[in-house]
Structures are given as structure tokens and as C-alpha cells.
Amino acid sequence: MRDLKRGRCSGRLGALKVVLLALVGVVLVLGAVWRLLLFHLTSSPRSGDGQPKVLAPVRRDVLTVTPWLAPIVWEGTFDPSILDGIYKPLNITIATTVFAVGKYIRFLRGFLESAEKHYLVGFRVHYYVFTDQPGEVPRVDLAPGRPLTVIRVPKFGRWQEISLRRMEIIRETIEERIRREARYLFCLDVDMRFQNRVGAEVLGELVAALHSWFYDVDRDQFPYERREASTAHIPRGQGDFYYQAAVFGGRVESVFGLVRACEENLEADRGNGIEAAWQEESHLNKYLLRHKPSRLLSPEYMWDDNKYRSAEIKLVRFSAVVKDKAEVRSS
């Protein structure tokens, strides 16, 4: 009798194990299905995944095209392999300027090392480093076809002066050499790090980056220059987006037009004894209001790690180094 009871118990335990194993299998399958669904909803489309669906956009949570039909580049809106296949055979050179003046020289190594891992990898890139300390430029292993040129600039008394002179210096360098050496030009801040791919998706005629702190607010909250006395003045009720001067670029001649106009307006303001609220960034925003960018980079390409990362930011590609700004800006 005991053997019979033991047999029945063993049978019940065996059946229970089978049920539990089946439940575990169902959970694993559901998990795999959910991960696959998330991949299709949020990841970049890859070659061979099938036909793009006109009525099934990958991103439904963000604006992906402006009213003037310029694309806004977000994770999931482009196929890296397709873009690389288009642009890499062209053997183009992308000039990249960065200012490492005063205490900002400390950020140059991290900028360059992260750029070599993530920034236009496989493309010809020519770095132009503007600095008042050429002897402090670090030695960084650069891939073939990615040279670095150091250009000495004066030491400025105020950090704002760097911003005010930046457009002039870039304009002069375009005239003297960049327009003969490159097809595209990007102007970046040095106190930044590349965290993920920044590739051919950024290339366009005139490219601007949405400011990470103002892409989700009403335009009357944008920190535009509001004083009518400044050439950077934008009245309330006007404006499309707020762009950050830490990232802008495009075709060399288009960037030349931007920096020349900003330089002229900065000089006009100086002659009138006025300095725009955010120096060259204020003038950049005024220019881009009148001359619409052909491509916009989402805040993925200009993130601030001090800000809470909301759901629409699937990936951070380029972000500001967390630092004591007052200490770095002090002379």
C-alpha cells in the first residue's frame, strides 16, 4: 500500500514538474516575442529586413520631418549600412573644427579618443584643433586618412570672447585651406564625448542640432536674443526650434555662409555696444530662422547628461562632459 501511495505521489510530482517546465517555456517564449517586438519598434532598420512600410513608420513618438521637409535624424529613422554604402565610395573628406583654449585643453584627449571610436568611422576626417597651447595637444592614435592640424589662436581674457571670435576664426580657416581640402565641415565643442555611432546620417547641405534642454518646450521659452537692438533679435511668437552651437555643419560653402553672416552680425553688435544673450549661439539661431537647415539632428547628437533621459531618447551619441563650468571658464 505504501509503495502504491509513493508511486502516486511520484506521479503527481512528475506531472507538476512537467507543468512547471511548460510554464517556464511559455514565459521564455513570451519574453523572446516581446524583445523581438521592441527591436522592431525602437531599433534602426537593417538591410534585408524587408520593404519600408509607408503606413507603419518606425518612430511614432517624435517629429521626424520639419514643415520645410528637412529630416530630423533619430534612432530608428535610418539604415546605417545603406548610408555607408552610399557615402563611403565617394571618398569624401569631412573637416572637423574644435577649440581647445585655456582650461578646455583638458577635454581634447577624451574628445579625440572617443571620436576615433564613433565619429564617421571609415571616412576621411581632418581635425583642426584651435588652441593657445599647441605644446599641450595630446598624442592620440588616429586612423589612416584622419590627420590632425593644430592652429594657434590667442589666449582670451573671457570665455565669452572665445564664442565671439569662433565664427571669425572658422571663416578665415575655410578661406585659407578648408574649402580646398574638404567637402563637408562640422564645428564641434571640445568638452564633449562620442558615446555611439555618429555617421553618414549627419551629412547634409546645412545641418543643425536640436538643443537637449529646449526641444520639448514652447518657442516662447527658447533663450533667443529678445532685445531689438541686437542683430540676433527674434521676437516672441517666432522661431522653429532652438539650436545648439556646440554642433553645426554641412557642405563647406554652406557653413561658410553661416559663419560669415554670424561674424558680420557679431561685429555689428559690438559696434553698437551690445553682446547677444548667448554670443554666437544667438546669432546662429537667427541665421537658421532665415536660412532653414536641410537636416536636423535630434538631441541624441547633443545630449546633456545632467538632464533626465526621457523615453524618446533611445540612444545617446554625443554628449557634454559633466564639469564645473565656472571653474573651467575661469582664466
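The rules behind the values
Residues numbered from 1 in each chain as written. Predicted model: local features only at pLDDT ≥ 70, side-chain atom pairs only at ≥ 80, totals over all residues. Heavy atoms only, no water. Helix = DSSP H or I, 4+ residues; strand = E, 2+ residues; numbered from the N terminus. Buried < 20%, exposed > 50% of the residue type's maximum accessible area, 1.4 Å probe, protein only. Contact = heavy atoms within 4.5 Å. Areas by Shrake-Rupley, 256 points an atom, 1.4 Å probe, with all protein chains shown as cover. pLDDT = per-residue confidence, 0-100. Pairing = 2+ DSSP bridges. Axes fitted to C-alpha atoms, helices over the stretch in contact; angles between N-to-C directions. Phe/Tyr/Trp six-rings, centres within 6.5 Å; stacked < 30°, edge-to-face > 60°. Lys NZ or Arg CZ within 6 Å of the ring centre and 35° of its normal. Salt bridge = Lys/Arg side-chain N within 4 Å of Asp/Glu carboxyl O. Polar contact = N/O pair within 3.5 Å; in protein donor to acceptor, adjacent residues only side chain to side chain. Parallel < 35°, antiparallel > 145°, perpendicular 65-115°, else oblique. Left-handed = near helix turned anticlockwise from the far one by under 90°. Nonpolar A, V, L, I, M, F, W, Y, C, P; charged D, E, K, R; others polar.

A. Region of interest: the overall build of the chain. Helix and strand content of the chain: seven helices and 11 strands. Across the 331 residues that make up the chain, the buried fraction comes to 48%. Counting only contacts in the chain whose residues sit at least 6 apart along the sequence, the fraction spanning at least 24 positions is 76%. Counting every atom, the chain has about 17,200 Å² of accessible surface; 56% of that belongs to carbon and sulfur.

B. Representation of the confidence of the model for the chain. The predicted model of the chain has a mean per-residue pLDDT of 87, with 82% of residues at 70 or higher. Note that residues 26-48 has pLDDT below 50 and, in this model, 21 contacts with residues that lie over four places away or in other chains.

C. Looking closely at the sheet that holds strand 6 (residues 192-194). The mixed open sheet is built from three strands, whose spatial order is 6-11-10. The sheet terminates laterally at strand 6 and strand 10 (303-304), the two strands that pair on one side only. Of the strand pairs in this sheet, strand 10 and strand 11 (residues 318-320) are connected by two bridges, and their pairing is parallel. Opposite Asp304, over in strand 11, you have Ala320 as the bridge partner. Set on the sheet, helix 3 (residues 108-118) makes contact with strand 6 and strand 11; between it and strand 6 the angle comes to about 20°.

D. Seen up close, the sheet that holds strand 8 (residues 243-251). One open sheet holds the eight strands; their spatial order is 1-9-7-8-5-2-3-4, and the pairing between them is mixed. Two strands lie at the open edges of the sheet, namely strand 1 (72-73) and strand 4 (148-152), each paired on one side alone. Here strand 7 (residues 206-210) runs beside strand 8; their pairing, made up of four bridges, is antiparallel. Following the sheet pairing, Leu206 is matched in strand 8 by Gly250. Contacting strand 2 (93-99), strand 3 (124-131), strand 4 and strand 5 (184-189), helix 3 crosses the sheet at an angle of about 175° to strand 3.

E. Quick peek at the packing of aromatic side chains. Scanning the entire structure with this criterion turns up 12 aromatic pairs. Taking 6.4 Å as the distance between ring centres and 65° as the angle between the ring planes, the aromatic pair formed by Phe111 and Phe318 counts as edge-to-face. With Phe111 in helix 3 and Phe318 in strand 11, this residue pair connects regions lying 207 residues apart in the sequence. Each member of the pair, Phe111 as well as Phe318, is classed as buried. Counting every residue linked through ring pairs, the aromatic cluster contains Phe111, Tyr119, Phe194 and Phe318. Above the ring of Phe256, the side-chain terminus of Arg179 is found at 4.6 Å from the ring centroid.

F. The pattern of salt bridges, seen in detail. For the coordinates displayed, the defined rule picks out 18 salt bridges. For the salt bridge of Glu225 with Arg227, the shortest nitrogen-to-oxygen distance reads 2.8 Å. Note that Arg317 is salt-bridged to Glu300, the shortest N-O span being 3.0 Å. Pair noted here: Arg317 is in the loop between strand 10 and strand 11 and Glu300 is in the loop between strand 9 (295-297) and strand 10, with a separation of 17 residues, a long-range link.

G. The arrangement of unusual backbone geometry in detail. Within the chain, Leu69 stands out as a residue other than glycine whose phi angle is a positive 70°. The residue Leu69 is located in the loop between helix 1 (2-42) and strand 1 in this model. In the Ramachandran plot, Asn91 falls in the positive-phi region, its phi being about 55° despite a non-glycine side chain. Among the structural elements, Asn91 can be located in the loop between helix 2 (80-87) and strand 2. Classification of Asn91 by relative accessible area gives exposed; the value is 54%.

H. View of helix 3. Listing the buried residues of helix 3 in full gives Leu108, Gly110, Phe111, Leu112, Ser114, Ala115 and Glu116. Positioned one or two residues after helix 3, Leu120 has a phi angle of 45°, which is positive.

I. Looking closely at the environment of Ser319. Following the sequence through the fold, Ser319 ends up in strand 11. Overall, Ser319 belongs to the buried group, its relative accessible area being 2%. Taking the C-alpha atoms as reference points, Ser319 and Pro299, separated by 20 residues in sequence, lie 9.1 Å from one another. Residues in contact with Ser319, not counting those within four places in the same chain, are Asp191, Met192, Arg193, Gln195, Trp303 and Asp305. Separated by 3.2 Å, the side chains of Ser319 and Asp305 make a polar contact.

J. Fine view of the packing of helix 5 (residues 252-271) against helix 6 (residues 279-290). The contact between helix 5 and helix 6 brings their axes to 9 Å, and the two run at 120°. If you check the angle between helix 5 and helix 6, you find them oblique. As helix 5 packs across helix 6, the resulting crossing turns out to be right-handed. Contact with helix 5, carried on its side by Gly257, Leu258, Ala261, Cys262, Asn265, Leu266 and Asp269, involves Gln279, Glu280, His283, Leu284, Tyr287 and Leu288 of helix 6 and no other residues of that element. Partitioning the contact of helix 5 with helix 6 into residue classes produces seven nonpolar, four polar and two charged.

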